[in-house]
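One-letter residues, chain by chain:
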Amino acid sequence: MTTTTTVAFIGLGHMGGPMAANLVRAGYRVLGHDLVESCLAAAEESGVERAKSATEAAAVADVVITMLPAGRHVLSLYGQEGLLEAARPGTLFVDCSTIDVADSRAAHAAAAATGHRSLDAPVSGGVVGAEAGTLTFMAGGDEAAFTAAEPLLAVMGKKAVHCGGAGAGQAAKICNNMILGVSMIAVSEAFVLADSLGLSDQALYDVASAASGQCWALTVNCPVPGPVPTSPANRDYRPGFAAPLMAKDLGLAANALRAGGIDAELGLRAAELYARFAEGAGADQDFSGIVRAIRAASPQTTETQEGTPA
């Protein structure tokens with residue numbers, strides 16, 4: 001398959017690199033830029049054309065996709081670094097970063113002010129989903145921008161949901177991940193409690209996975225080794241979705257909760273727990289590794305071997 005659409009892809013790290021590679025395989029011409037040489041080199045090996053700068057790539061692109069660490073990076077790139085000014089009028093900007101809702105809306109406003117279309121489209125699915133092209137996109141922006149972006153989103157993911165206007169994709173992302181973070185803590189606490197009561201991990205899993213405790217954090221990303229062989233717990237918690245990324249997303253959710261005056265004790269508490277975990281032992285672990293922190297803080301279980309009843 002070939003297409004006349006040219007894509008500029010800015011941010012070729014663990015997520016952006018595989019996403020850009022999937023676009024190349026689908027027949028798109030992709031010009032890429034990243035500040036890290038190793039990321040650029042890896043992207044080149046997958047067929048991405050190296051651009052000397054983000055603005056050079058944007059100047060010839062029909063669509064500009066960004067995958068950056070934080071809102072300040074997106075806004076700086078759009079404004080101070082001249083990305084919007086470099087692009088041709090009417091270029092579609094798709095920001096797949098996970099950023100603050102207010103920053104996302106500011107990015108939309110900046111794009112509109114310079115004559116461009118825009119979409120915020122954060123993703124769910126992690127590095128595995130980026131590599132496999134099975135990401136879920138949560139999109140915010142007008143219907144026309146979403147329709148224009150759909151063919152590219154379909155290459156990089158298995159599902160794209162138009163959530164509403166500017167910033168709605170970011171809102172959906174942080175709400176979803178607040179549910180996930182709270183769920184993982186609850187599931188982890190339940191396994192530690194079961195351990196202290198002499199109940200095996202497998203027994204708890206067999207009951208909860210077929211009862212009202214069933215959830216993604218249990219049946220797909222189970223935080224203890226054994227019951228779900230493909231979960232990170234069976235790979236010494238090597239990240240599928242890293243704890244620092246969960247901490248970032250929950251921090252964004254906490255900011256929105258405070259700004260909106262929302263009484264959400266569990267969401268705020270989850271943000272605190274993951275921030276502490278990510279700054280310490282969880283810095284290079286999957287977010288499900290928080291079960292270790294819960295177990296370590298529970299004296300009656302610290303001498304119990306992981307995965308076996310006391």
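Rules used in this analysis
- Residues numbered from 1 in each chain as written.
- Predicted model: local features only at pLDDT ≥ 70, side-chain atom pairs only at ≥ 80, totals over all residues.
- Heavy atoms only, no water.
- UniProt positions renumbered as here; feature names shortened; annotations may be inferred.
- Helix = DSSP H or I, 4+ residues; strand = E, 2+ residues; numbered from the N terminus.
- Axes fitted to C-alpha atoms, helices over the stretch in contact; angles between N-to-C directions.
- Parallel < 35°, antiparallel > 145°, perpendicular 65-115°, else oblique.
- Left-handed = near helix turned anticlockwise from the far one by under 90°.
- Contact = heavy atoms within 4.5 Å.
- Buried < 20%, exposed > 50% of the residue type's maximum accessible area, 1.4 Å probe, protein only.
- Pairing = 2+ DSSP bridges.
- Salt bridge = Lys/Arg side-chain N within 4 Å of Asp/Glu carboxyl O.
- Disulfide = S-S within 2.5 Å.
- Core = buried A, V, L, I, M, F, W, Y, C linked by side-chain atoms within 4.5 Å.
- Polar contact = N/O pair within 3.5 Å; in protein donor to acceptor, adjacent residues only side chain to side chain.
- 1 Å grid on protein atoms, 1.4 Å probe; cavity = no way out; pocket = protein on both sides within 12 Å on 5 of 7 lines; lining within 4 Å.
- Points joined across faces, edges and corners; volume = space filled by probe spheres on them.
- Nonpolar A, V, L, I, M, F, W, Y, C, P; charged D, E, K, R; others polar.

Another point: the UniProt feature "domain: 3-hydroxyisobutyrate dehydrogenase-like NAD-binding" (unreviewed entry) in the protein chain. Per the UniProt record, "domain: 3-hydroxyisobutyrate dehydrogenase-like NAD-binding" (unreviewed entry) is found at residues 167–293. Annotated as 61% helix and 0% strand, the span residues 167–293 places its first and last C-alpha atoms 34 Å apart.

Mapped onto the fold, Val-94 is located in strand S5 (residues 92–95). Through-space distance from the C-alpha of Val-94 to that of Val-36 is 21 Å; in sequence the pair is 58 residues apart.

Turning to the packing of helix H4 (residues 71–78) against helix H6 (residues 101–113), a few remarks are in order. Axis separation between H4 and H6 bottoms out at 9 Å; the angle between their running directions is 10°. Classified by the angle their axes make, H4 and H6 are roughly parallel. Crossing angle aside, the handedness with which H4 passes H6 is left-handed. Across from Gly-71, Arg-72, Val-74, Leu-75 and Tyr-78 in H4, the residues of H6 making contact are Asp-103, Ala-106 and Ala-107.

Right, let's talk about the pairing of strand S1 (residues 6–10) for a bit. Here S1 lies mainly inside the structure; five of its five residues are buried. Residues of S1 alternate between two faces, with Thr-6, Ala-8 and Ile-10 on one and Val-7 and Phe-9 on the opposite face, all of them buried. Alignment of S1 against strand S2 (residues 29–33), held across five bridges, turns out to be parallel. The partner of Val-7 across the bridge, within S2, is Val-30.

As annotated in UniProt, the feature "domain: 6-phosphogluconate dehydrogenase NADP-binding" (unreviewed entry) corresponds to residues 6–164 in the numbering used here. Each end of residues 6–164 is marked by a C-alpha atom, and these two atoms are 26 Å apart; helix forms 45% of the span and strand 25%.

So, about the pattern of salt bridges. Applying the stated criterion across every chain, the model contains seven salt bridges. Residues Asp-249 and Lys-173 are paired through a salt bridge, measuring 3.9 Å at the closest nitrogen-oxygen approach. Taken together, the positions of Asp-249 in helix H12 (residues 243–260) and Lys-173 in helix H9 (residues 168–196) put the pair 76 residues apart, joining distant regions of the chain. By the burial criterion, Asp-249 is buried, and Lys-173 matches it. Glu-272 serves as the salt-bridge partner of Arg-269, at 3.0 Å between the closest nitrogen and oxygen. You can see Arg-269 and its partner Glu-272 sitting in helix H13 (residues 265–279), three residues apart, about one turn around the helix. Residue Arg-269 is classed as partly exposed on the basis of its relative accessible area, which comes to 41%. Residue Glu-272 is classed as partly exposed on the basis of its relative accessible area, which comes to 41%. Overlapping salt bridges, with partners in common, bring together Glu-37, Glu-44 and Arg-50 in one network.

If you check the backbone angles, Asp-236 has positive phi at about 55° while not being a glycine. Within the element layout of this structure, Asp-236 appears in the loop between helix H11 (216–219) and H12. Judged by its relative accessible area of 52%, Asp-236 is exposed. Backbone geometry at Tyr-237 places phi at a positive 65°, although glycine is not the residue there. Within the secondary structure layout, Tyr-237 lies in the loop between H11 and H12. By relative accessible area, Tyr-237 is classed as buried at 2%.

With that settled, consider the state of the cysteines. For the coordinates displayed, the defined rule picks out zero disulfides. The cysteine Cys-96 is free of any disulfide, with Cys-163 supplying the nearest cysteine sulfur at 13 Å.

Ile-185, Phe-191, Leu-218, Met-246, Tyr-274, Phe-287 and Ile-290 are the most contacted members of the largest nonpolar core, which totals 34 residues. In contact with Phe-191, other than residues within four places in its own chain, are Asp-201, Leu-204, Tyr-205, Leu-218, Cys-222, Pro-223 and Val-224. By size, the runner-up hydrophobic cluster in this structure holds 33 residues, among which are Ala-43, Met-67, Val-123 and Phe-137.

With that out of the way, let us pick up the side chain of Thr-98. On the secondary structure map, Thr-98 appears in the loop between S5 and H6. On the accessibility criterion, Thr-98 (9% relative accessible area) is buried. Polar side-chain contacts of Thr-98 include one of 2.7 Å to the side chain of Lys-173. Apart from residues lying up to four places away in sequence, Thr-98 is in contact with Pro-69, Pro-122, Gln-170, Lys-173, Lys-248, Asp-249 and Leu-252.

Take empty space enclosed by the protein next. For the coordinates displayed, the defined rule picks out one cavity of 30 Å³ or more. Estimated volume of the largest cavity: approximately 50 Å³. What lines the largest cavity is Tyr-78, Phe-93, Asp-95, Ser-104, Ala-107, His-108, Ser-118, Leu-119 and Asp-120. Grouping the constituent residues of the lining of the largest cavity by class yields four nonpolar, three polar and two charged.

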